[in-house]
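Take a look at the letters that make up each chain.
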Amino acid sequence: MKSNITMIVNSSDGFEDCWEPFFTLLKKNWPDFDYSLILNTEFKNYSFDGLKIVSSKVHEGILDRKLSWSECLIKAIELVDTPLILYVQEDYFIEKPVLKDTIDEFSRLMEGGVIKYIGLTDIGNFGPFKNYEHDKRLVVVGNSKYRISTQAALWDKDTLLSYLRPAENGWMFEIFGTQRAKRRSDLFLTANRLMYSSKNNPIITYMHTGIIKGQWHENIPELFKKENISIDVSLRGIYKPKAFLRRKFETGRKLLNNPLRFIIGMLGK
């Protein structure tokens with residue numbers, strides 16, 4: 001029986017060095033993986049032994065401009081022929097066995113179309129949460145910060161498409177998408193932190209995240225060494241964390257580069 005899920009590994013050709021480590025760890029920690037699988041690329045094709053990967057190549061034939069992050073994701077979603085999407089990114093290097101049975105059970109809960117989203121980690125959506133009366137494994141994501149998240153999650157395909165705007169990049173999608181979500185009554189759920197957390201019974205485990213601002217997370221060399229993954233991390237370098245206030249200032253400055261887009265986004269349009 002065909003699964004009702006397609007995994008989209010959202011990426012771009014500039015992150016090609018992540019693909020071999022990502023799929024190596026996917027195959028190791030998810031040996032019974034049987035979903036449709038799309039790697040979102042721009043022009044490149046990629047294959048990995050034992051996995052049926054469709055390379056989206058969303059930029060083929062478009063030579064006069066570079067597609068935005070959201071435009072690339074929209075074009076990849078248009079290739080999906082299942083009602084649900086499992087969204088991940090190429091630097092979510094899976095470190096432990098995945099609880100596939102739990103993901104399958106959650107996907108069946110979404111079959112009626114009432115539930116639009118289920119977050120699978122404790123590093124995506126923020127509280128406060130309230131109990132979901134139909135299943136204690138899940139809690140309701142309210143109108144809180146990061147109601148929209150790009151961390152690993154099950155999405156209703158049409159709902160994900162409805163929140164995307166062509167001009168936005170990933171962090172704009174989270175910030176402005178959250179504002180859009182506050183104007184809507186879509187049912188968003190996430191895994192109950194009392195039952196599933198990064199330290200206790202995780203559904204899917206990866207460091208948050210493998211690449212930060214184009215450089216490797218400081219713990220990546222240790223992970224790759226342990227997993228016998230050979231890659232020259234010096235080509236990207238190791239990210240040195242910046243002070244919290246400096247990070248917030250830099251994000252705010254980028255958002256305000258286009259004041260009109262900022263206003264429209266914060267109005268939830």
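Above: the structure in question.
For the structure given in this document, a descriptive report is provided here. (Residues numbered from 1 in each chain as written. Predicted model: local features only at pLDDT ≥ 70, side-chain atom pairs only at ≥ 80, totals over all residues. Heavy atoms only, no water.)

**A closer look at the sheet that holds strand β8 (residues 153–156)**
Strand order in the open sheet formed by nine strands is β3-β2-β1-β4-β8-β5-β9-β7-β6, with mixed pairing between adjacent strands. Single-partner strands in this sheet number two, and they are β3 (53–55) and β6 (129–131). Direction aside, the axes of adjacent strands within the sheet are offset by 30 degrees on average. The pairing of strand β5 (residues 115–119) with strand β9 (residues 187–191) spans four bridges and is parallel. Residue pairing for β9: Gly119 is matched across the bridge by Thr190. Packing against the sheet, helix α1 (residues 19–29) makes contact with β1 (5–10), β2 (36–40), β3 and β4 (84–89), and its axis sits at approximately 160 degrees to β2. (Pairing = 2+ DSSP bridges. Helix = DSSP H or I, 4+ residues; strand = E, 2+ residues; numbered from the N terminus. Axes fitted to C-alpha atoms, helices over the stretch in contact; angles between N-to-C directions. Contact = heavy atoms within 4.5 Å.)

**Examining helix α3 (residues 100–109)**
Those residues of α3 lying buried are Lys100, Thr102, Ile103, Asp104, Phe106 and Ser107. Check the buried side of α3 and you find it contacts β1, β4, β5, β7 (138–141) and β8. (Buried < 20%, exposed > 50% of the residue type's maximum accessible area, 1.4 Å probe, protein only.)

**Some remarks on empty space enclosed by the protein**
Counting across every chain of the model gives three cavities of 30 Å³ or more. The space that makes up the largest cavity amounts to roughly 80 Å³. What lines the largest cavity is a set of 13 residues, among which Thr121, Asp122, Ser197, Ser198 and Ile204 lie closest to the centre. Its residues assigned to classes, the lining of the largest cavity comprises eight nonpolar, four polar and one charged. (1 Å grid on protein atoms, 1.4 Å probe; cavity = no way out; pocket = protein on both sides within 12 Å on 5 of 7 lines; lining within 4 Å. Points joined across faces, edges and corners; volume = space filled by probe spheres on them. Nonpolar A, V, L, I, M, F, W, Y, C, P; charged D, E, K, R; others polar.)

**Comments concerning the packing of aromatic side chains**
Counting across every chain of the model gives 20 aromatic pairs. Note on Phe23 and Tyr46: the rings are 5.6 Å apart at their centroids and 25 degrees apart in plane angle, and the pair reads as stacked. One end of the pair, Phe23, is in helix α1; the other, Tyr46, is in the loop between β2 and β3, with 23 residues separating them in the sequence. Taking the relative accessible area as the measure of exposure, Phe23 reaches 0% and is therefore buried. Feature note: the residues Trp69, Tyr117, Trp155, Tyr163, Phe173 and Phe188 constitute an aromatic cluster, connected by ring pairs. In this structure, Arg147 packs its charged tip against the face of Phe188, placed 4.5 Å from the ring centre. Residue placement shows Arg184 over the ring face of Tyr163; its charged tip is 3.9 Å from the ring centre. (Phe/Tyr/Trp six-rings, centres within 6.5 Å; stacked < 30°, edge-to-face > 60°. Lys NZ or Arg CZ within 6 Å of the ring centre and 35° of its normal.)

**Some points on the pattern of salt bridges**
Applying the stated criterion to the full structure yields eleven salt bridges. Between Arg236 and Asp17 there is a salt bridge, with the nearest N and O atoms lying 2.8 Å from each other. A residue pair is termed long-range when its members are at least 10 positions apart, and Arg236 in the loop between α6 (220–226) and α7 (244–255) and Asp17 in the loop between β1 and α1 qualify at 219 residues. Among the residues examined, Arg236 registers a relative accessible area of 17% and is labelled buried. The exposure class of Asp17 is partly exposed, given its relative accessible area of 28%. Note that Arg180 is salt-bridged to Glu168, the shortest N-O span being 2.8 Å. Taken together, the residues span a long stretch of sequence, with Arg180 in helix α5 (residues 170–182) and Glu168 in the loop between α4 (157–163) and α5 at a distance of twelve residues. (Salt bridge = Lys/Arg side-chain N within 4 Å of Asp/Glu carboxyl O.)

Honestly, it's all geometry; don't read function into it.
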